[in-house]
Amino acid sequence: LFTFKTNVHTIKQLKAPQTQVASFYATVELSLIALKMLQADSPSSQVGELFDGVDIRFESEQLFIRSRQSCVGYLSQGKLHYFADWIATGDLGFVDEAGQLCLKGRMGRQFLVNGVIVYPEVIENHLKQLAMIQQCVVFQAHTPSGYDELCAVLVTDQPFSKKALKQACQKFLPKSQIPKRFFLAESLPQTHSGKIDFLQIQEGSLFLKHCIAWSWL
């Protein structure tokens, strides 16, 4: 058993055709929550089937979990702070018709585009299914004209045409969810804990100035 970051394109490239690849949904506090066997045609929003002993409920779409595997609490300055019975994940989700747990995004990362709520993680998951895209982050930028538009930062290790990317976006995304501007970067900025620094990307700063940008408007 080994673990690695993958998508459906990695599965297609595996030399052992009988190999099965699994994806786990988990948190530090709750341990393993759900298991998904990766398939080329499985929805990108699915995180899988719940493990035994895991219960879920939703409040305003936010996912709350109760699990036999959860931690007792956090130890801070010699004092143990106990968790509640139900732990808020900060993830927005739902259960689909197949009984699979699905995630739409994180609390606080929703954008309002032309009166429609857009979840950037949904767009990011679709983009990362493209063989040309290694990593990506979707964010909202304020334009000099006074309106907000969707933008995306892409990390890729192979050349591709703008036309091919546009056609791919039009195939699996509604018009309101297609980024208007793209930025090519060698890597994404990270926080001290090794996670993507969304705030640095959202605020622009020096990061975007070092990216190659284009728009197809």
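Cut-offs used in this document
- Residues numbered from 1 in each chain as written.
- Predicted model: local features only at pLDDT ≥ 70, side-chain atom pairs only at ≥ 80, totals over all residues.
- Heavy atoms only, no water.
- Helix = DSSP H or I, 4+ residues; strand = E, 2+ residues; numbered from the N terminus.
- Buried < 20%, exposed > 50% of the residue type's maximum accessible area, 1.4 Å probe, protein only.
- Contact = heavy atoms within 4.5 Å.
- pLDDT = per-residue confidence, 0-100.
- Arc of directions from axis to C-beta.
- Salt bridge = Lys/Arg side-chain N within 4 Å of Asp/Glu carboxyl O.
- Patch = residues over 30% accessible without salt bridge, like charges linked within 9 Å, V, L, I, M, F, W, Y side chains within 5 Å.
- Areas by Shrake-Rupley, 256 points an atom, 1.4 Å probe, with all protein chains shown as cover.
- Phe/Tyr/Trp six-rings, centres within 6.5 Å; stacked < 30°, edge-to-face > 60°.
- Lys NZ or Arg CZ within 6 Å of the ring centre and 35° of its normal.
- Pairing = 2+ DSSP bridges.
- Axes fitted to C-alpha atoms, helices over the stretch in contact; angles between N-to-C directions.
- Disulfide = S-S within 2.5 Å.

*Asks:* What exactly am I supposed to notice about the overall build of the protein chain here?
*Replies:* For the protein chain, the count of helices and strands is 5 helices and 15 strands. Out of the 217 residues belonging to the protein chain, those deemed buried represent 37%. Pairs at least 24 apart in sequence give 51% of the contacts found in the protein chain among residues at least 6 apart.

*Asks:* Even after reading the chapter, I still don't get the confidence of the model for the protein chain, so can you show me in this structure?
*Replies:* When pLDDT is low, close inspection of the predicted coordinates is not appropriate. Residues at a pLDDT of 70 or more form 85% of the protein chain, whose mean pLDDT is 81. Ranking the helices and strands of the protein chain by mean pLDDT puts strand E4 (residues 54–59) first, with 94, and helix H1 (residues 8–13) last, with 52.

*Asks:* Can you help me understand helix H2 (residues 120–127) in this one?
*Replies:* Every α-helical turn comprises 3.6 residues, leaving residues that sit three or four positions apart pointing alike. The complete set of buried residues in H2 reads Pro 120, Glu 121, Ile 123, Glu 124 and Leu 127. The arc that holds every buried residue of H2, seen down its axis, measures 160°, which confines them to one face.

*Asks:* Would you mind going over the pattern of salt bridges with me for this structure?
*Replies:* Where charged atoms from two side chains of opposite charge come close, those side chains can pair. Under the definition given, this model contains 6 salt bridges. Notably, a salt bridge pairs Glu 59 with Arg 57, separated by 2.2 Å at the nearest N-O pair. On the basis of relative accessible area, Glu 59 is assigned to the partly exposed category, the value being 40%. By sharing partners, the salt bridges in this structure join Asp 55, Arg 66 and Asp 85 into a single network.

*Asks:* Before we go on, may I ask you to explain the environment of Gln 135 in this structure?
*Replies:* Note that Gln 135 resides in strand E12 (residues 135–142). As for Gln 135 and Leu 188, which are separated by 53 residues in sequence, their C-alpha atoms are 7.9 Å apart. In contact with Gln 135, other than residues within four places in its own chain, are Val 153, Leu 154, Val 155 and Leu 188.

*Asks:* I would appreciate a short explanation of the environment of Lys 180 in the present structure.
*Replies:* Of note, Lys 180 is situated in the loop between helix H3 (162–172) and strand E14 (181–184). Between the C-alpha atom of Lys 180 and that of Ala 152, which follows or precedes it by 28 residues, the distance is 8.2 Å.

*Asks:* Help me understand a nonpolar patch on the surface, please; the structure alone is not making it clear to me.
*Replies:* On the surface, Val 72, Leu 75, Leu 80 and Tyr 82 cluster together into a nonpolar patch covering about 450 Å² of accessible area. Relative to the helices and strands, Leu 75 is located in strand E6 (residues 73–76).

*Asks:* I tried to follow the packing of aromatic side chains on my own but got confused; where do I start?
*Replies:* One pass over the full model with this rule turns up 3 aromatic pairs. Ring geometry for Phe 24 and Phe 51: centres 6.3 Å apart, planes at 10°, overall stacked. Residue Phe 24 is found in strand E1 (residues 22–27), and its partner Phe 51 is found in the loop between strand E3 (46–50) and E4; the two are separated by 27 residues along the sequence. Measuring from centroid to centroid gives 5.1 Å for Tyr 74 and Phe 83, while their planes differ by 80°, and the two rings are edge-to-face. A relative accessible area of 43% means that Tyr 74 is categorised as partly exposed. For the cation-ring pair, Arg 57 lies above Trp 86, with the distance from its terminal atom to the ring centre recorded as 4.8 Å.

*Asks:* Before we go on, may I ask you to explain the sheet that holds strand E8 (residues 87–95) in this structure?
*Replies:* Across a sheet, strands are paired by hydrogen bonds formed along the backbone, either parallel or antiparallel in direction. As summarised here, the arrangement of the 7 strands in space is E1-E2-E3-E9-E8-E5-E4, forming an open sheet in which the pairing is antiparallel. Because the sheet does not close on itself, it has two edges, and the strands there are E1 and E4. With direction set aside, neighbouring strand axes in the sheet form an average angle of 50°.

*Asks:* Where do I start with the state of the cysteines in this structure?
*Replies:* What makes a disulfide is a covalent bond joining the sulfur atoms belonging to two cysteines. Taken as a whole and assessed by the stated rule, the structure comprises 0 disulfides. Not part of a disulfide, Cys 169 finds its nearest cysteine sulfur in Cys 136, a span of 9.5 Å.

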